[in-house]
Amino acid sequence: MMSENYLRLGVNIDHVATVRNARGGDYPDPLRAAKIAQEAGADGITAHLREDRRHISDADIDGLMEVLSVPLNFEMAATDEMQKIALRHKPHAVCIVPEKREERTTEGGLDVAREENRLAHFIAPLRDVGCRVSIFIAADQRQIEAAHRIGAEVIELHTGAYCDAFAEGREEEAARELASLRDMSTFADSLGLEVHAGHGLTYDTVKPVAAFPEVRELNIGHFLIGESIFLGLTPAIVEMRRLMDEARK
Ligand code: PXP
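Thresholds applied
- Residues numbered from 1 in each chain as written.
- Predicted model: local features only at pLDDT ≥ 70, side-chain atom pairs only at ≥ 80, totals over all residues.
- Heavy atoms only, no water.
- Near = heavy atom within 4 Å.
- Polar contact = N/O pair within 3.5 Å; in protein donor to acceptor, adjacent residues only side chain to side chain.
- Nonpolar A, V, L, I, M, F, W, Y, C, P; charged D, E, K, R; others polar.
- Salt bridge = Lys/Arg side-chain N within 4 Å of Asp/Glu carboxyl O.
- Helix = DSSP H or I, 4+ residues; strand = E, 2+ residues; numbered from the N terminus.
- Buried < 20%, exposed > 50% of the residue type's maximum accessible area, 1.4 Å probe, protein only.
- Disulfide = S-S within 2.5 Å.
- Pairing = 2+ DSSP bridges.
- Axes fitted to C-alpha atoms, helices over the stretch in contact; angles between N-to-C directions.
- Contact = heavy atoms within 4.5 Å.
- Arc of directions from axis to C-beta.
- Core = buried A, V, L, I, M, F, W, Y, C linked by side-chain atoms within 4.5 Å.
- 1 Å grid on protein atoms, 1.4 Å probe; cavity = no way out; pocket = protein on both sides within 12 Å on 5 of 7 lines; lining within 4 Å.
- Points joined across faces, edges and corners; volume = space filled by probe spheres on them.

## Comments concerning the site of the ligand
As a matter of local geometry, the ligand sits amid 13 residues, with Glu75, Glu156, Gly200, Gly221 and His222 nearest to it. Gly221 places a main-chain nitrogen or oxygen 2.8 Å from an oxygen atom of the ligand. Tallied by class, residues from the shell around the ligand come to three nonpolar, seven polar and three charged.

See the structure below:
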């Protein structure tokens, strides 16, 4: 049995598709990456079907639903098109993320507080078909309270601000961001929300976040896919897993 303290690792395979799409063929195949990731110890696979399909495609999602033996965490914007796709596939988890066409990646958390009514109606059918609904938000008490009110079971805290500050040597800011992540993990847990975290995590930034006892899952993609160029996907994931387990001791 998995211990109470176990921290799950979701491997995001979007950027295998980014490399494939740079040439327009079938290689490298995100499904193959997903299978290797699950064998290497990923507890779940995460994929973001963006409105512009810049990385993961509809066919990738069809394939993942067929081949995976670990849960799929399907990231999507709160649009009617994406809701239909999610209702058709009924993935284990749906993570609602903000999406802007011009952004390079998911730059901030969702403003749940601003769209509370619409999002409450949007996620209800997803919950009805058995998806675990997660909301990707900044470490902000107002957003956590709103996510709780709309009926989400899970929140994923955006770790991008902490990781960016760390990478750019802004130590005090990184420490402040980390403290907010810690406090808001505790706060969300006290409301009964399951806490996940992710975005921008690397070998250098993962341990302090992995050490927060309320965090149950990390979703990590870009760094792992980048590192796999040098190490191979399996060793890159095994090393991340090792650091997470070490932080958890
Ligand atoms: N979690 C969410 C909700 C995301 O949108 C992303 C990026 O798609 C990640 C985690 C993974 O971020 P990264 O690729 O920077 O590790």
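Having seen the model, we can carry on.
## Some words on the pattern of salt bridges
One pass over the full model with this rule turns up 21 salt bridges. For Arg241, the salt bridge goes to Asp43, with nearest N and O atoms at 3.1 Å. Of the two residues, Arg241 sits in helix H11 (residues 233-248) while Asp43 sits in the loop between helix H2 (30-40) and strand E2 (44-48), which places them 198 residues apart along the sequence. Asp43 carries the same exposure label as Arg241, and that label is buried. Between Glu239 and Arg242 there is a salt bridge, with its nearest N and O atoms 2.9 Å apart. Linking Glu239 with Arg242, this pair stays in helix H11, spanning three residues, or about one helical turn. Residues joined by salt bridges that share partners form a network here, namely Arg8, Arg127, Arg132, Glu153, Glu194 and Glu217.

## As for the state of the cysteines
Scanning all chains against the criterion turns up zero disulfides. The thiol of Cys95 is not disulfide-bonded; the next cysteine sulfur, from Cys131, is found 12 Å away. Look at Cys95 and you get buried, because its relative accessible area is 1%. Cys163 takes part in no disulfide bond, and the closest cysteine sulfur, belonging to Cys95, lies 16 Å away.

## Some words on the sheet that holds strand E8 (residues 215-220)
Reading around the barrel, the eight strands line up as E1-E2-E3-E4-E5-E6-E7-E8 and close back on themselves, with parallel pairing between neighbours. For this sheet the average axis-to-axis angle between neighbouring strands, irrespective of direction, equals 25°. Relative to strand E6 (residues 154-158), strand E5 (residues 132-137) runs parallel, the two being bridged by four bridges. Residue pairing across strands places Phe136 opposite Glu156, the latter belonging to E6. Together, E5 and E6 form the strand contacts of helix H6 (residues 141-149), whose direction differs from that of E5 by roughly 160°.

## Section: helix H10 (residues 222-231)
If you check which residues of H10 are buried, you get Leu224, Ile225, Glu227 and Ser228. In a view along the axis of H10, the buried residues occupy a sector of 165°, so they form one face of it. Residues His222, Ile229 and Phe230 are exposed on H10 and point more than 90 degrees away from its buried face. Residues of H10 that are buried make contact with strand E1 (8-12), helix H1 (14-23), E8 and H11. Positive phi appears at Gly232, one or two residues downstream of H10, with a value of about 95°.

## Some remarks on the nonpolar core
Ile45, Leu64, Phe74, Ile96, Ile135 and Leu218 are the most contacted members of the largest nonpolar core, which totals 76 residues. The residues touching Phe74, leaving out its near neighbours within four places in the chain, are Ala47, Leu49, Ile61, Met82, Ile85, Ala86, Pro91, Ala93, Val94 and Cys95.

## Focus: the layout of surface pockets
Quantified by volume, the second largest pocket comes out at close to 380 Å³. Taken together, 17 residues form the lining of the second largest pocket, with Val16, Val19, Pro28, Ile225 and Ser228 sitting closest to its centre. Contributions of two or more residues to the lining of the second largest pocket are made by H1, H2 and H10. Considering each element in turn, the lining of the second largest pocket owes the most residues, five residues, to H10. When its residues are assigned to classes, the lining of the second largest pocket shows nine nonpolar, six polar and two charged.

## Some thoughts on the side chain of His55
On the secondary structure map, His55 appears in the loop between E2 and helix H3 (58-67). A relative accessible area of 6% places His55 in the buried class. Excluding residues that lie within four positions of it along the chain, His55 makes contacts with Asp14, His15, Ala17, Thr18, Arg20, Asn21, His48, Arg50 and Asp60.

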